[in-house]
Amino acid sequence: MERKCKIITIALFMIILCGVGLFTVLGGGKKYSVFEKRELAPFPKTNVKTITKAKFQSGLDNFLNDHVVFRDQCIYTTTMVDKMMGRAEKADVYFGKDGYLIEKSIKATHKKIKENVDYLSTFVNMAADSMGSKNVKVVLIPNKENVLTDKMPKYAPVSDDNIKMKAMLWESLKDKNMLVDLTKPLQKHKDEYIYYKTDHHWTSLGAKYGFQEMMKSLKQKIHKRTPKVVTDQFLGTTYNKIHYATQKDIITRYDEDEGLPKDTCGVDTETTGEKRELKDIYDKGALKREDKYEYFMGGNYGIASIHSHNTTNGKTLVLIKDSFANCMVPFLTDNYEEIIMIDPRYLGGSIMEALSNVEKIDTMIVLFNEEKFMNNTDLWVLG
């Protein structure tokens, strides 16, 4: 009887083991993880070269890790275990206070920071020479960890690379007033909902405070807008890394006051030669998709021309940006009739070439998250 039990146990174990392997291989057709926002490892090529150089084995390991059945559920379970054991982090994500998930900063080398500072300062100094420095601004958005310091776990280190970078940039600018540092203005509102809890971006409220600071430096009017919640079911990119959150985030838009035109802007976009036309700066379809932050502008593009219906002042803004700028665009449509947005990551060519057909530029703004700026590998397009 005991021998039979052992045989049955071994047989069940082998069935489960083979079953998991079979389901993993059969389910390996999935190429992209919606949860993790990344490409999944493909099944490795099988030939003499890959096998003799051990590439097949390492490729198979990556494939099995990415395609194992119930992978998402396993990530969630291990995260819960880590949390219950009192650990302060998981997969480079800190478990912050009040439900905030805070990603560890990606450290940039001194060489990379200097290179990007040189690219940016050369570009904006040239723009200031032709447009006047009062019309050129560099706006830097701090990470969560540099603003919500009280939400960080006890003894968790906070990087000061951003401070060194800004000091380097400040020294490189011909006019120091071109630099708009949002760290202190945002810290004044640190007890408000200015960053998402499950995503690395700032919220529309954070963007509103950043916009106000920027407009003050440009000496422009700040129009009043009213907040409106569009969804309370947002789980962002930080959540996707660990599949854990104590609560979902809220996405808010800020509408114009009564009597002003609606935010129905014509938008022409282009990414590496592929053109697309949008009827609005808000993509309502994104609220039904996984990445609900795409509600703003429908995502990112190499270049996008926004034709605002909120003003007929004839002013043109060139906004060189990353994804943090997307939720600030609605505020900007009150001050500029045309906004040309350029994202170096998707442009694939020189910014000067992209702007060669623009007749008149009234304002030039460069707006980046500090960490993303320091690690950016596409700022050569500024040359």
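Residues numbered from 1 in each chain as written. Predicted model: local features only at pLDDT ≥ 70, side-chain atom pairs only at ≥ 80, totals over all residues. Heavy atoms only, no water.

Visitor: Help me understand the overall build of the chain in this model?
Guide: Within the chain, the secondary structure is distributed over 14 helices and 15 strands. The buried share of the chain, taken over its 383 residues, is 48%. When contacts within the chain are restricted to residue pairs at least 6 apart in sequence, long-range pairs at least 24 apart make up 71% of them. (Helix = DSSP H or I, 4+ residues; strand = E, 2+ residues; numbered from the N terminus. Buried < 20%, exposed > 50% of the residue type's maximum accessible area, 1.4 Å probe, protein only. Contact = heavy atoms within 4.5 Å.)

Visitor: In this structure, what is going on with the environment of Met364? I would like to understand it.
Guide: Take Met364: it is sitting in strand β15 (residues 363-369). Put simply, Met364 and Ala127 are 237 residues apart on the chain and 7.7 Å apart in space, counted from C-alpha to C-alpha.

Visitor: Can you help me understand helix α5 (residues 110-131) in this one?
Guide: Spacing of three or four residues puts side chains on the same side of an α-helix, whose turn is 3.6 residues. Helix length check: α5, at 22 residues, gives a terminal C-alpha distance of 31 Å against a target of 32 Å (1.5 Å per residue), a fit within 8%. Looking at the buried residues of α5, the elements they touch are β6 (136-141), α7 (161-172), β13 (316-321), α13 (351-354), β15 and α14 (370-375). A positive backbone phi angle near 95° is found at Gly132, which sits one or two residues after α5. (Expected span 1.5 Å × (residues − 1).)

Visitor: Please explain the pattern of salt bridges as it appears in this structure.
Guide: A side chain of one charge can pair with a side chain of the opposite charge when the charged atoms of the two come close. Under the criterion given, the structure shown has 18 salt bridges. Between Lys151 and Asp98 there is a salt bridge, and its shortest N-O distance comes to 2.5 Å. Remark: Asp98 occurs in the loop between β4 (93-95) and β5 (101-103) and Lys151 occurs in the loop between α6 (144-147) and α7; sequence separation between them is 53 residues. Ionic pairing is found between Arg225 and Glu256, a salt bridge with its closest N-O pair at 3.6 Å. (Salt bridge = Lys/Arg side-chain N within 4 Å of Asp/Glu carboxyl O.)

Visitor: In this structure, what is going on with empty space enclosed by the protein? I would like to understand it.
Guide: Regions of empty space are outlined by a rolling probe, equal in size to a water molecule, passed over the atoms. All chains considered together, the criterion is met by one cavity of 30 Å³ or more. Here the largest cavity defines a volume of roughly 80 Å³. As for the largest cavity, its lining consists of Ser105, Ile106, Lys107, Asn143, Glu145, Asn146, Ser159, Asp161, Asn162, Glu370, Glu371 and Met374. Secondary structure elements with two or more residues in the lining of the largest cavity: α6, α7 and α14. A per-element tally of the lining of the largest cavity places α14 first, with three residues. When its residues are assigned to classes, the lining of the largest cavity shows two nonpolar, five polar and five charged. (1 Å grid on protein atoms, 1.4 Å probe; cavity = no way out; pocket = protein on both sides within 12 Å on 5 of 7 lines; lining within 4 Å. Points joined across faces, edges and corners; volume = space filled by probe spheres on them. Nonpolar A, V, L, I, M, F, W, Y, C, P; charged D, E, K, R; others polar.)

Visitor: I keep staring at the sheet that holds strand β3 (residues 89-90) and nothing clicks. Help me out?
Guide: Two strands in a sheet stick together by hydrogen bonds in their backbones, pointing the same way (parallel) or opposite ways (antiparallel). Strand order across the open sheet formed by three strands is β3-β4-β5, with antiparallel pairing between neighbours. The open sheet has two edge strands, β3 and β5, and neither has a second partner. Relative to β5, β4 runs antiparallel, the two being bridged by three bridges. Directly across from Val93, in β5, lies its bridge partner Glu103. (Pairing = 2+ DSSP bridges.)

Visitor: Sorry, what's going on with the pairing of β15 here?
Guide: For a regular strand, side chains alternate in direction, first toward one face of the sheet and then toward the other. With seven of its seven residues buried, β15 lies for the most part within the structure. Here β15 shows a buried face lined by Thr363, Ile365, Leu367 and Asn369 and a second buried face lined by Met364, Val366 and Phe368. Direction of pairing for β13 relative to β15: parallel, over a ladder of five bridges. Directly across from Val318, in β15, lies its bridge partner Met364.

Visitor: So what exactly am I meant to see when it comes to the side chain of Ser121 here?
Guide: Secondary-structure assignment places Ser121 in helix α5. Judged by relative accessible area, which is 5%, Ser121 ranks as buried. A polar side-chain atom of Ser121 sits 2.8 Å from the main-chain carbonyl oxygen of Val117. Looking at Ser121, its side chain comes within polar contact range of the main-chain oxygen of Asp118, at 3.4 Å. Beyond its immediate chain neighbours, meaning those up to four positions away, Ser121 contacts Leu169, Ser172 and Leu173. (Polar contact = N/O pair within 3.5 Å; in protein donor to acceptor, adjacent residues only side chain to side chain.)

Visitor: When you look at the nonpolar core in this model, what are you seeing that I'm missing?
Guide: The tendency in soluble globular proteins is for nonpolar side chains to be buried side by side. Within the largest apolar cluster, 51 residues are counted, with the highest numbers of intra-cluster contacts made by Trp202, Met214, Leu319, Met328, Leu332 and Leu367. Contributing elements (two or more residues each) for this core: β6, α9 (204-218), β9 (249-256), β12 (303-307), β13, α11 (329-332), β14 (338-342) and β15. Broken down by element, this core gets its largest block of residues, seven residues, from α9. Of all hydrophobic cores here, the second largest spans 33 residues; its members include Ala127, Leu173, Met364 and Phe373. (Core = buried A, V, L, I, M, F, W, Y, C linked by side-chain atoms within 4.5 Å.)

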